[in-house]
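Secondary and tertiary structure notes
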Amino acid sequence: MTKIQKIQFTGLTHTKINRDPALQRGEHGVVDMKLSTPGGKSYEFIAAELHPTAEQLFAGAWSACWIAALGIAASLKKVTLPEDTAVNIQVNIGETGPAWFLGAKFNVRIPGVDQNVAEALAHSAHQICPYSKAVDGNIEVDMVVTTA
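Conventions used here
- Residues numbered from 1 in each chain as written.
- Predicted model: local features only at pLDDT ≥ 70, side-chain atom pairs only at ≥ 80, totals over all residues.
- Heavy atoms only, no water.
- Phe/Tyr/Trp six-rings, centres within 6.5 Å; stacked < 30°, edge-to-face > 60°.
- Helix = DSSP H or I, 4+ residues; strand = E, 2+ residues; numbered from the N terminus.
- Buried < 20%, exposed > 50% of the residue type's maximum accessible area, 1.4 Å probe, protein only.
- Salt bridge = Lys/Arg side-chain N within 4 Å of Asp/Glu carboxyl O.

1. Some thoughts on the packing of aromatic side chains
Applying the stated criterion across every chain, the model contains four aromatic pairs. When the ring of phenylalanine 58 is compared with that of tryptophan 62, the centres are 5.3 Å apart and the planes differ by 50°; the resulting orientation is tilted. Remark: tryptophan 62 and phenylalanine 58 occur in helix H1 (residues 54–76); sequence separation between them is four residues, near one turn of the helix. Residue classification places phenylalanine 58 among the partly exposed positions, given a relative accessible area of 24%. Look at tryptophan 62 and you get buried, because its relative accessible area is 0%. An angle of 55° between the planes, with centres 5.9 Å apart, marks the rings of phenylalanine 58 and tyrosine 131 as tilted. Of the two residues, phenylalanine 58 sits in helix H1 while tyrosine 131 sits in helix H3 (residues 130–135), which places them 73 residues apart along the sequence. By relative accessible area, which is 31% here, tyrosine 131 ends up partly exposed. Grouped by ring-pair contacts, the aromatic residues Phe58, Trp62, Trp66, Phe106 and Tyr131 constitute a single cluster.

2. Focus on the pattern of salt bridges
Summed over the entire model, instances satisfying the criterion amount to two salt bridges. As a salt-bridge pair, glutamate 140 and lysine 3 come within 3.3 Å of each other at their nearest N and O atoms. With glutamate 140 in strand E6 (residues 140–146) and lysine 3 in the segment before strand E1 (6–16), the pair connects residues that are 137 residues apart, well separated along the chain. Looking at glutamate 140, the relative accessible area reads 17%, which means it is buried. With a closest N to O distance of 3.4 Å, aspartate 84 and arginine 109 form a salt bridge. Remark: arginine 109 occurs in strand E5 (residues 99–109) and aspartate 84 occurs in the loop between H1 and strand E4 (86–96); sequence separation between them is 25 residues. With a relative accessible area of 30%, arginine 109 lands in the partly exposed category.

As structure tokens, then:
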């Protein structure tokens, strides 16, 4: 798998579960999009630009799917996710020599859960999520999991 040497474009999303809509609103010039998953759970794609880039749209769709997969992984392991569980996904398009590649960086926050359990849940979510499966082995994906 080739690593990106020079990032040219980035799309960043922040997705939380069980989010109280009164807690955070988008700034001027951005919109909050509600996304849903099969089964009807809703998630919010916070502060998308009015004309989002392809990278931001891909990151948004991936984050909604991935956080739903995290919920599935947690339920399978009988772990209750805290309400402020969140994932930030940054999708990059960049160059390595004359070639162009995609890359992704995940910052997962599962507060109050043991670090090993949180990492296992994040890994399981990556195995469950169809977006993660689609890019597996095709793009570089870095993941950082925090519990604080």
